[in-house]
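Here is how the chains run, residue by residue.
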Amino acid sequence: MKKRDLEIRLQNLAPFKEPKVELEQYPTHSSIATDILFEAYANGDIAGKDVVDLGCGTGIFAIGASLLGASSVKAYDLDDGALAIAKDNADALGCDIDFIQADISEVEGKFDTALMNPPFGSQRKHADQPFLRTAMRVADVVYSIHMACTLEYLNKETQMFSKEIVGHRIYKYDIPHTFTFHTKTKKSVDIVAINIR
């Protein structure tokens, strides 16, 4: 599948219907998700691999991995409403994905690759930490999105697990007006996509 074809499919996925502020449910932009997925694919971390999407939301990473030839995909989220949307999105594209409702700390198993866009910690400081630690515990390779200003902290966190960030890319992320406390139509922040091994 060409990169542009994947991005078109991902940008047509149904979004959150009623996003939950406490879970920081913001959409993962299809262009950013496609970049990360194709990097993982080029690195040999998708096709024929067992992939997990942690905090899958509406399923963008899980579906992308499935479309790029992952041998199996499991996707976890705490929110049953998000999982219902993710299942519908996957069904619409003919993707065979195992969606599971669970707290991130309950995830078990062993995977080749973890993909995720965890909460940034805007509502609860270090909300991304349990996701990061679970990903490093259950997967050999991790692709994850975080606030760019936390890169130094992320380096220290990965070293605690005898892993390292082997690559990163900075993106401008436009947060749309989603919740009542948002005062602007959109806000642009710098985020970092990291590759941990």
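Structure shown above.
Scope of this entry: the structure provided in the associated data block.

Cut-offs used in this document
Residues numbered from 1 in each chain as written. Predicted model: local features only at pLDDT ≥ 70, side-chain atom pairs only at ≥ 80, totals over all residues. Heavy atoms only, no water. Helix = DSSP H or I, 4+ residues; strand = E, 2+ residues; numbered from the N terminus. Buried < 20%, exposed > 50% of the residue type's maximum accessible area, 1.4 Å probe, protein only. Arc of directions from axis to C-beta. Core = buried A, V, L, I, M, F, W, Y, C linked by side-chain atoms within 4.5 Å. Contact = heavy atoms within 4.5 Å. Salt bridge = Lys/Arg side-chain N within 4 Å of Asp/Glu carboxyl O.

Observations regarding unusual backbone geometry
Then step 1. Its identity is not glycine, yet serine 162 carries a phi of approximately 55 degrees, on the positive side.
Then step 2. Here serine 162 shows up in the loop between α6 (151–160) and β6 (165–176).
Then step 3. The exposed category is assigned to serine 162, whose relative accessible area is 72%.

Section: α6
Then step 1. Looking only at α6, the buried set comprises Leu151, Leu154, Glu157 and Thr158. The buried residues of α6 occupy an angular sector of 115 degrees when the element is viewed end-on, so they sit on one face. Facing away from the buried side of α6, by more than 90 degrees, are the exposed residues Glu152, Lys156, Gln159 and Met160.
Then step 2. Phi turns positive one or two residues past the end of α6, at serine 162, with a value near 55 degrees.

With respect to the nonpolar core
Then step 1. By size, the foremost hydrophobic cluster in this structure holds 41 residues, and its most contacted members are Leu37, Ile97, Leu115 and Ile191.
Then step 2. Elements supplying a minimum of two residues to this core: α1 (3–11), α2 (30–42), α3 (60–67), β2 (72–77), α4 (80–92), β5 (139–147), β6 and β7 (186–196).
Then step 3. Sequence-distant contacts of leucine 115, defined by excluding residues within four places in its chain, comprise Ile36, Leu37, Ile46, Val51, Val52, Asp53, Leu54, Phe61, Ala65 and Tyr143.
Then step 4. By size, the runner-up hydrophobic cluster in this structure holds 23 residues, among which are Phe111, Met136, Ala139 and Leu154.

Let's talk about the pattern of salt bridges
Then step 1. Throughout the structure, instances matching the rule amount to nine salt bridges.
Then step 2. Two residues, aspartate 190 and lysine 172, come together in a salt bridge whose shortest N-O distance is 2.9 Å. With aspartate 190 in strand β7 and lysine 172 in strand β6, the pair connects residues that are 18 residues apart, well separated along the chain.
Then step 3. Look at the salt bridges and you will find they share partners, linking Lys3, Asp35 and Arg169 into a network.

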